[in-house]
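Letter by letter, the chains look like this.
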Amino acid sequence: MANGAATLFGFLALASMVKLGFVAGGGHDYAMALRKSILYFEAQRSGVLPPNQRVSWRASSGLFDGKANGVDLVGGYYDAGDNVKFGLPMAFTVTMMSWSILEYGKQMAAAGELRNAMDAVKWGTDYFIKAHPEPDVLYGEVGDGDTDHSCWQRPEDMTTSRQAFRVDPQHPGSDLAAETAAAMAAASIVFRGTYPGYANLLLVHSKQLFEFADKYRGKYDASITVARNYYGSFSGYGDELLWAAAWLFEATEDRSYLEYLAGNGDALGGTGWSINQFGWDVKYPGVQVLAAKFLIQGRAGDHAAALQRYRQNAEFFVCSCVGKGAVNVARTPGGMMYHQRWNNLQFVTSASFLLTVYADFASISGRGAVRCPAGAAQPFDILKFVKSQVNYILGDNPRGTSYMVGYGASYPRQVHHRGASIVSIKRDPSFVSCQEGYSSWYGRQAGNPNLLDGAVVGGPDEYDDFADERDNYEQTEAATYNNAPLLGVLARLAASCGGLKEEEYEQETATPVMNRTSSSSSSLPATAIAIEQNVTRTWARRRRTYYRYAVTVTNRSRRKTVRELHLGVSGLQGRLWGLEEARYGYVPPRWLPALRPGRSLRFTYVQPAPAPANVWVTGYKLV
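The rules behind these values
Residues numbered from 1 in each chain as written. Predicted model: local features only at pLDDT ≥ 70, side-chain atom pairs only at ≥ 80, totals over all residues. Heavy atoms only, no water. Buried < 20%, exposed > 50% of the residue type's maximum accessible area, 1.4 Å probe, protein only. Helix = DSSP H or I, 4+ residues; strand = E, 2+ residues; numbered from the N terminus. Pairing = 2+ DSSP bridges. Salt bridge = Lys/Arg side-chain N within 4 Å of Asp/Glu carboxyl O. Core = buried A, V, L, I, M, F, W, Y, C linked by side-chain atoms within 4.5 Å. Contact = heavy atoms within 4.5 Å.

Details of the pairing of strand E14 (residues 614–622)
Of all nine residues in E14, nine are buried, a share of seventy percent or more. Sheet topology note: the strand E8 (residues 562–570)/E14 ladder contains seven bridges and is antiparallel. Bridging across to E14, Gly 568 finds its partner in Trp 616.

This is the structure we're talking about:
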């Protein structure tokens, strides 16, 4: 398990003809990488495989999914190297595949891959239609990770539980339902020109799911508890509700969805979260990029002020990723963006997509550079950075290893994947039991008998080290949401032959920004919160001087309460008291769930250096 629009997008596809010119060059075959990336999704298919199935070592599987629940749940995608169908990452995968097509469909068509990409989207949306049999019912998982992890079987041989789990008014799942709504709204735009009836059907489901998600609020992993250890909703459901509203506005031009996006930015965190990580769990940067697009396109109307706050957060993301922010994404010695050891490349591909879209849009809109604390980030420079990340994945790294299976001369051979690691059922139809799979196939030192072509694995650690071993699931397991954002980026690069040509840009001077440690408003759009640090004591020990810092975090709002406050702390060399660690930084202690207007939170840390640690606001909701 990996732990871990038509108008806009149509004219954005012309970006390669405006300002950002491309010339022949580059050492990678991006068109080949694109073909392989799309092909990978066929290896992840569940259900009855079609006659034009190209991954020939796979066969039909999961043919009775949903039967015990009285519903047809045959189809969809396995998320990674397992045989479970997890709804949240699957929906995010489909949303990102659709967005890739909407942005760069013309480039995909030029590479001969648009039809295959649309087929990949439809394989997911066909399943979502089945999984949504009633307006307020959505099936969000088939199978469970616990029984699946005790078994190493081809999907065609599955003997593990295929129980289906759902959300409904009594067992809500706003994040799951809203992400599925976003996927179906985005996909409806993909099919609008070719299958208008199907597109309209997707919109009906999307609207119903959004209404269900908003009316019956709750985290899906509190209702589908078996998902908690594999795809827990750490960011909550606020980001997905905003994400769905943005996509429904893009798909329908119904301004009620724009009003929802603008009016709920504070309460659901869209204007409060400034974060440099985007993926299946946290959607805030994606929402912020879409909102920025609406603003720059002149579609904001009376909501310009609210969308401007979203845009500030989008540009925080851009600046942080390219290394010009007040707080930047760490990089390995080889230059790869690094967030975590477990499947780090999911964040590299998703960030690369958002950066590409934002750079292209900044260029075609005539806005030019993004103003960052450490200087202007020109669209050309942003795209150049994206290209460096893609090239790293394709083999330009200290190990000379391609982290896309089947691309290049050196790539992972022992991918952590049940189907790929056991001989194809078409070659040897003999049944493989759970334990036989472990004893005969999981521990083999040889490469997998089946090529998981195009799969992007988890990737190397913070030192660019990588161990190609099947049991090294943190690094050798691939996931659908690794590949989905990459489709658009590869199509963009393929259309340019990989070469970037820098055009003349009007140089803009970035406004200097004070160190964020004095006040969150100095470098983030989190103006409702102030941060102050003071040295309260110093002492010497063993020839070193130690400083105790007291940090005060204050809610400056006159009427609204700060909830779900997350703080980032970096450069800390000593101990910290008064905060608890969480997935996205630090949070207040449990006895302090909110900061009422004018109230403060205080914590302390000890630093064996005169320079204070960096303390900033990662996210909050203002209600």
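That was the structure; now back to the text.
Things to note about the pattern of salt bridges
As enumerated under the stated definition, the model contains 24 salt bridges in all. Residue Glu 42 pairs with Arg 54 through a salt bridge whose shortest N-O separation is 2.9 Å. You can see Glu 42 sitting in helix H2 (residues 30–43) and its partner Arg 54 sitting in the loop between H2 and strand E1 (85–86), a full 12 residues away along the chain. When its relative accessible area of 37% is taken as the criterion, Arg 54 is described as partly exposed. In this structure, the salt-bridge partner of Arg 58 is Glu 156, at a minimum N-O distance of 2.8 Å. Residue Arg 58 is located in the loop between H2 and E1, and its partner Glu 156 is located in the loop between helix H5 (145–149) and strand E3 (164–167); the two are separated by 98 residues in the primary sequence. Classification of Glu 156 as buried rests on a relative accessible area of 18%. Connected through shared salt-bridge partners, Glu 250, Glu 253, Lys 293 and Arg 299 make up one network.

Some points on the sheet that holds E3
One open sheet holds the three strands; their spatial order is E1-E2-E3, and the pairing between them is antiparallel. The outermost strands of the open sheet, each flanked by one partner alone, are E1 and E3.

Comments concerning the nonpolar core
In terms of nonpolar packing, the biggest core is built from 157 residues, with Trp 99, Trp 247 and Leu 261 touching the most fellow members. For this core, the leading source of residues is helix H6 (residues 174–191), giving 13 residues. Not counting residues within four places of it along the chain, the set of residues in contact with Leu 261 comprises Leu 242, Ala 246, Val 287, Ala 291, Phe 294, Leu 307 and Tyr 310. By size, the runner-up hydrophobic cluster in this structure holds 23 residues, among which are Val 569, Leu 595, Tyr 620 and Leu 622.

Concerning the sheet that holds strand E13 (residues 600–607)
Overall, antiparallel pairing links the four strands, which are arranged E6-E7-E13-E9 in an open sheet. Every other strand in the sheet has two partners, leaving strand E6 (529–541) and strand E9 (576–577) as the edge strands with one partner each. As paired strands, E6 and strand E7 (residues 544–555) are joined by 12 bridges and run antiparallel to one another. Within E7, the position partnered with Ile 531 by the bridge is Val 553.

Things to note about the pairing of E13
Both E7 and E13 contribute to a ladder of eight bridges, which runs antiparallel. Within E13, the residue paired with Arg 548 across the bridge is Val 606. Judged from the two bridges that link them, E9 and E13 form a sheet pairing that is antiparallel. Each bridged residue has a counterpart across the sheet, and for Trp 577 the counterpart in E13 is Thr 604.

Notes on helix H10 (residues 255–263)
Within H10 the residues assigned to the buried category are Tyr 257, Leu 258, Tyr 260, Leu 261 and Ala 262. On the buried face of H10, the contacting elements are helix H7 (196–215), helix H9 (238–252), helix H11 (284–296) and helix H12 (304–322).

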